[in-house]
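# Results of the structural survey
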Amino acid sequence: MSKIAVLGAGSWGTALAIVLADNGHEVRLWAHRKEHADEMNQTHRNEKYLDVEIPDTITAFYNMEEAVKDAEAIIVVVPTKAIREVCQQLKNYISSSTQIIHATKGIEPGTLKRVSEMMSEEMPDFPYENIVVLSGPSHAEEVALRHPTTVAVSAVNLDRARQAQDLFNSENLRVYTSDDILGIEVGGALKNIIALGAGISDGLGYGDNAKAALITRGLAEIARLGTSLGANPLSFLGLSGVGDLIVTCTSVHSRNWRAGNLLGKGNNLDQVLEEMGMVVEGVRTVQAAHQFANEQGVEMPITQGIYQIIFEDKDPKDVVDELMNRNKRQEIDDISGVLKERYSDK
Ligand SMILES: NC(=O)C1=CN([C@@H]2O[C@H](COP(=O)(O)OP(=O)(O)OC[C@H]3O[C@@H](n4cnc5c(N)ncnc54)[C@H](OP(=O)(O)O)[C@@H]3O)[C@@H](O)[C@H]2O)C=CC1
Ligand SMILES: O=C(CO)COP(=O)(O)O
């Protein structure tokens, strides 16, 4: 039995802690509020975030140093906006051989950094190639019920990804490795924007055709941005691309879908976030992607439209009208162009 620390006691941290406990590990679940850690230890539940029974082999901690002491692996799973703060503390307790895996899905507005890049900036002595990302279609609610789920893990150092695969793989959670950390992180982060759009579309009362269009053309935007950064375009057809788009755009478990649904029904952002009470990562990531599209000249009309609805109070119906009446174009062109450019002389 290994000691594993999970930093972040929200829905996903709790579900991953349960997976690790089921795999026979002793898990320390770190919460940044003492009363939250105490409550979980007393009730063996995490009522606000994921109301399932927490196994006895999971203990909640408030003190991060105690939580990570002698841990064989540390899982970082706080919202993107808390990553820097958590890593500033974590760097004091790790060595370069510590196994670190993050399961956070977002891109930072302003810097346009991915989560692994933010972590590396805050923990400069920890080798970037050893940071692993875990991402894929995996609602915490279903993982905690031990329903069959698949995810991908990736790191520049593939041995580290394989270690993470061994740690998490179970009869209920099938874990694949990938050598494209950039693509895996970008896919997991940007699908939240499209899930907001799918929720908005459903909130407006549009049907399955509109949602299928958003998923498919949203995927084109994700792949366009990701390949322009150097990702493998095929990653976006995988678990952290199409897989996560499907689950997040079509499931009532998705907070991004639910937030979009409330926006589509006429609520403003403040009302929506108050109602949600949990992280809605797409809201920050759409700011980052909107900024990236403008600065780099990458065509992302759905992303731009969702940004306008959320931050410029644009009527969602007007945004849909504009999307439908854009200049006519060919369906598949941009990614094949990138591929030709990249591989033409190989
Ligand atoms: N939920 C899911 O099904 C999945 C989520 N993810 C990703 O996992 C990440 C975490 O999401 P999730 O667990 O769902 O989020 P939740 O909203 O369920 O929980 C967030 C947790 O983070 C804590 N937190 C907030 N700020 C800080 C901070 N500064 N330091 C430490 N802890 C903090 C919150 O504490 P407090 O109560 O004090 O606010 C809360 O415990 C996100 O990037 C999400 O996209 C990925 C796959 C699945
Ligand atoms: O990433 C997720 C499932 O794979 C969770 O999505 P939400 O944050 O929208 O709930």
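Computed from a predicted model, the values in this text were never measured in an experiment. (Residues numbered from 1 in each chain as written. Chains lettered and ligands numbered in written order. Predicted model: local features only at pLDDT ≥ 70, side-chain atom pairs only at ≥ 80, totals over all residues. Heavy atoms only, no water.)

Where burial is concerned, the two faces of strand β5 (residues 99-102) agree: the one with Gln-99 and Ile-101 and the one with Ile-100 and His-102 are both buried. Pairing of strand β4 (residues 73-76) with β5, which is carried by 4 bridges, proceeds in the parallel orientation. Looking across to β5, one finds that Ile-75 is bridged to Ile-101. Two elements, β5 and strand β6 (residues 131-135), share 3 bridges in a ladder whose sense is parallel. Across the sheet, the residue bridging to His-102 is Val-133, located in β6. For the handedness criterion, the β-α-β arrangement of β5, helix α5 (residues 115-122) and β6 is classed as right-handed. (Buried < 20%, exposed > 50% of the residue type's maximum accessible area, 1.4 Å probe, protein only. Helix = DSSP H or I, 4+ residues; strand = E, 2+ residues; numbered from the N terminus. Pairing = 2+ DSSP bridges. Right-handed = clockwise from strand over helix to strand, strands pointing away.)

Here we come to the side chain of Asp-180. By secondary structure assignment, the location of Asp-180 is in the loop between β8 (173-178) and α8 (181-203). Among buried Asp, Glu, Lys and Arg side chains, Asp-180 stands out as unpaired, with Arg-114 the closest opposite charge at 7.6 Å. Side-chain polar atoms of Asp-180 contact the side chain of Ser-235, separated by 2.5 Å. (Lys, Arg positive; Asp, Glu negative; His and termini not counted. Salt bridge = Lys/Arg side-chain N within 4 Å of Asp/Glu carboxyl O. Polar contact = N/O pair within 3.5 Å; in protein donor to acceptor, adjacent residues only side chain to side chain.)

Turning next to the domain arrangement of the protein chain. Split into domains, the protein chain comes out as domain 1 (3-179) and domain 2 (188-340). Listed per partner, the contact involves 25 residues of domain 1 and 26 residues of domain 2. Both faces considered, domain 1 and domain 2 share a buried interface measuring about 2,000 Å² in area, 62% of it formed by carbon and sulfur atoms. When the area that domain 1 buries against domain 2 is broken down by residue, the three leading residues are Lys-105, Leu-112 and His-139, summing to 28%. (Domains from an automatic or database assignment. Contact = heavy atoms within 4.5 Å. Buried area = accessible area lost by both parts, 1.4 Å probe.)

So, about the site of ligand 1. Among the 25 residues in the neighbourhood of ligand 1, the closest are listed as Ser-11, His-32, Arg-33, Tyr-49 and Glu-281. In this structure, Trp-12 approaches ligand 1 through a main-chain N or O atom, which is 3.0 Å from an oxygen atom. Taking His-32, its side chain carries an N or O atom lying 2.6 Å from an oxygen atom of ligand 1. If ligand 1 stood free it would expose 900 Å²; the protein chains cover 90% of that surface. Looking at the shell around ligand 1, the elements with two or more residues in it are α1 (11-22) and α4 (83-90). The residue inventory of the shell around ligand 1, partitioned by class, reads 13 nonpolar, 7 polar and 5 charged. In terms of domain composition, the shell around ligand 1 takes at least three residues from each of domain 1 (3-179) and domain 2 (188-340). (Near = heavy atom within 4 Å. Areas by Shrake-Rupley, 256 points an atom, 1.4 Å probe, with all protein chains shown as cover. Nonpolar A, V, L, I, M, F, W, Y, C, P; charged D, E, K, R; others polar.)

It is worth spelling out the site of ligand 2 at this point. Neighbouring ligand 2 are 13 residues, the closest being Lys-191, Asp-244, Ser-254, Arg-255 and Asn-256. Contact distances for ligand 2 include 2.7 Å between an oxygen atom and a side-chain N or O atom of Ser-254. Listing elements by their share of the shell around ligand 2, those giving two or more residues are α10 (239-250) and α11 (255-264). For the shell around ligand 2, the class distribution of residues is 2 nonpolar, 7 polar and 4 charged. Built from parts of two domains, the shell around ligand 2 gets at least three residues from each of domain 1 (3-179) and domain 2 (188-340).

Now for unusual backbone geometry. In this structure, Asp-70 is a non-glycine residue whose phi angle is positive, near 60°. Note that Asp-70 resides in the loop between α3 (64-68) and β4. In this structure, Asp-313 is a non-glycine residue whose phi angle is positive, near 55°. Within the element layout of this structure, Asp-313 appears in the loop between α14 (301-311) and α15 (316-324). The exposed category is assigned to Asp-313, whose relative accessible area is 65%.

Moving on to the packing of aromatic side chains. In total, this model carries 1 aromatic pair according to the counting rule given. Taken together, a centroid distance of 5.1 Å and an interplanar angle of 40° make the contact between Tyr-307 and Phe-311 tilted. Pair noted here: Tyr-307 and Phe-311 are both in helix α14, with a separation of 4 residues, about one helical turn. (Phe/Tyr/Trp six-rings, centres within 6.5 Å; stacked < 30°, edge-to-face > 60°.)

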